Amino acid sequence: MPLNIDIVQILLHMLNFVILAGGLTLLLFKPVKKFIGERQQYFEKQKQENEKNAAENEKLKEEYEAKLRDADAEIAEKKEKVKIETAETSKEYIDTAQEKANAIIAEAENEAEIRKVHILDSAQTEIGELVIEATQKLLTESASEERVHNLYDEFIKKTAAESH
Amino acid sequence: MKKKISKRRAVFIFVWLALIFIILAAIIALWEPPAETESIKVAMKDGVLHDKNKISLFGIIDVNPALISAYVVTAVLLVAALLIRIFAIPKFKMIPGKFQTVIEALVEFFDNMAKGNSPHRTGFIAAYIFSAGVYIFFSTMFELLGIQGVTTAGHSIALPAPIADINAAIAMGFMTYLMILAAGIVSNGVKGGLKVLKDFSLPISMSFRLFGALLSGLLVTELVYYYISLSFVLPVIVGVLFTSLHALIQTYVLATLASVFYGEAVEPKKVKKTE
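This text gives an overview of the structure that appears in the document. Computed from a prediction, not measured in an experiment: that's the story for all the values here.

Here's the deal with the overall build of chain B
A count of helical and extended segments in chain B gives eight helices and four strands. When its helices and strands are written in sequence order, chain B yields α-α-β-β-α-α-α-β-β-α-α-α. Looking at chain B as a whole, 32% of its 275 residues qualify as buried. When contacts within chain B are restricted to residue pairs at least 6 apart in sequence, long-range pairs at least 24 apart make up 69% of them.

Okay, here's the thing in structure tokens:
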């Protein structure tokens, strides 16, 4: 054959390659590919789980946000209610206090009036007594004046006697 | 004291190396090849045809040295694959180490190539191009080892790359073609087979491309080796560079061609759209 082509050697080369290809496929290619496939599946599974978890987390987040929004509204509503209640209660307290104060004032005024009357009565009595006493004193004092006149007369008489 | 000794030693080593270099240079300058040595023409012809030096295969048949190379490479690759299968693959981790990354990258490279070029059927062609790629790459690199064999005439010969033998290249080309033909018949019946048969030039082009590529490298290295004065430094560059490049390029070319033609052969028939 030209170029030293030999059919037997070609077949021997083919046999060699068939043995090699079979061996490499069974010993190396398939096990490695299987491992890569398993790892890919593992990571795919992980990825799916992560995506699932992320979706769940997103859902939970939305729920919480919705709850938070509701809570805010609820708080605002309660705040308003409490404000109204507080206003009402404080008004009640103020009214009660006002009533009590009015009652106290009225009572005080009443008492003051009574005392005033009482004091006036006492004062009138006292003034009467003082007048009587003064009158008596005046009367007493006019009697003494006579005595003073007498003494004065005596003095004059005595002085006249001495000058003589 | 110590400094004196080390200085003396350095001088001694320098003189010794210089002496060796001078003697070697004198040998190269004065050496003439013996008259009975094969001429460059004979060496080149044997490099191409392998018709002079034969090696006995288990004493049964005299074969080209490349066939012995092919069997040695196959044996080494199978043992390596077995060792990897037993010791390395069971210890593979989810986060790969260096060795695992190399093995996985190798498998994925051919697998992805098969998927890209033949998306309809990938399983078989991926394994095929993986095996062919590994075989072509390592058998071409095998040449660099320069393992010696003994010819039937009793001479020593460096075992060449298997694909540098035209018989190996023809075997690869025809086997690839037959595989594609079989895949065409399995996928699309007789029509698929006929479609592949149209490309009857494929095995010839594939075989001779492999052979020619490997041969060109071999001839250049052979030429360089022939002249002993060129046998310093230059073979390191020429031999290693040519061999490595051929190994890579031919692996890629054969794997790509095989997967592309396989992909065409197994492509499902287009169903005519009814309006």
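Read on for the rest.
A few points about the nonpolar core
With 67 residues, the main nonpolar core has Leu24(A) and Ile129(B) as its most contacted residues. Where this core is concerned, the elements lending two or more residues are helix H1 (7-163) of chain A together with helix H3 (65-88), helix H4 (98-117), helix H5 (123-142), helix H6 (166-197), helix H7 (201-226) and helix H8 (234-266) of chain B. Residues contacting Ile129(B), with those up to four places away along its chain left out, are Phe110(B), Met113(B), Ala114(B), Ala255(B), Ala258(B) and Ser259(B).

Some points on the packing of H6(B) against H8(B)
Residues and elements named next belong to chain B. At their nearest, the axes of H6 and H8 sit 8 Å apart, and the two run at 15° to each other. Here H6 lies roughly parallel to H8, going by the angle between them. For the pair H6 and H8, the sense of crossing is left-handed. In this structure, H6 contributes Thr 176, Ile 180, Ala 183, Gly 184, Ser 187, Gly 192, Lys 195 and Val 196 to the contact, and H8 contributes Ala 258, Phe 261, Tyr 262, Ala 265 and Val 266. Among the residues forming the contact of H6 with H8, the class breakdown is eight nonpolar, four polar and one charged.

Thoughts on the interface of chain A and chain B
Interfaces are often described in size by the accessible area the parts lose on coming together. Across the boundary between the two partners, chain A contributes 27 residues, which contact 37 residues of chain B. Considered class by class, the residues forming the side of chain A that touches chain B number 18 nonpolar, six polar and three charged.

Some thoughts on unusual backbone geometry
What is expected of a backbone is that most residues other than glycine have negative phi and most peptide bonds are trans. Phi angles above zero are rare outside glycine, and Phe58(B) is one such case at about 50°. Checked against the element boundaries, Phe58(B) lands in the loop between strand S1 (55-57) and strand S2 (61-63).

What to know about the packing of H4(B) against H8(B)
Each packed pair of helices is defined by two parameters, the angle between the axes and the distance between the axes. All names here are of chain B. The geometry of H4 relative to H8 is characterised by a closest axis approach of 8 Å and an angle of 35° between their N-to-C directions. Relative to H8, the crossing made by H4 is right-handed. Taken together, the residues of H8 that come into contact with H4 (itself represented by Phe 110, Met 113, Ala 114 and Asn 117) are Ala 255, Thr 256, Ser 259, Val 260 and Gly 263. For the contact of H4 with H8, the class distribution of residues is five nonpolar, four polar and no charged.

Overview of H6(B)
Compared with an ideal rise of 1.5 Å per residue, which puts 32 residues at 46 Å, H6(B) spans 23 Å between its outermost C-alpha atoms and falls more than 12% short. Along H6(B), the helix axis deviates most sharply at Asn188(B), where the bend reaches about 145°.

Observations regarding the environment of Asp199(B)
As for its position among the elements, Asp199(B) is in the loop between H6 and H7. For Asp199(B) and Phe261(B), which are 62 residues apart along the polypeptide, the C-alpha to C-alpha distance reads 9.3 Å.

Thresholds, definitions, all that
- Residues numbered from 1 in each chain as written.
- Chains lettered and ligands numbered in written order.
- Predicted model: local features only at pLDDT ≥ 70, side-chain atom pairs only at ≥ 80, totals over all residues.
- Helix = DSSP H or I, 4+ residues; strand = E, 2+ residues; numbered from the N terminus.
- Buried ≥ 20, exposed ≤ 12 C-beta atoms within 10 Å, placed from the backbone.
- Contact = placed C-beta atoms within 7 Å.
- Core = buried A, V, L, I, M, F, W, Y, C linked by C-beta atoms within 7 Å.
- Axes fitted to C-alpha atoms, helices over the stretch in contact; angles between N-to-C directions.
- Parallel < 35°, antiparallel > 145°, perpendicular 65-115°, else oblique.
- Left-handed = near helix turned anticlockwise from the far one by under 90°.
- Nonpolar A, V, L, I, M, F, W, Y, C, P; charged D, E, K, R; others polar.
- Expected span 1.5 Å × (residues − 1).
- Bend = angle between axes of the 7 residues up to and from the residue.

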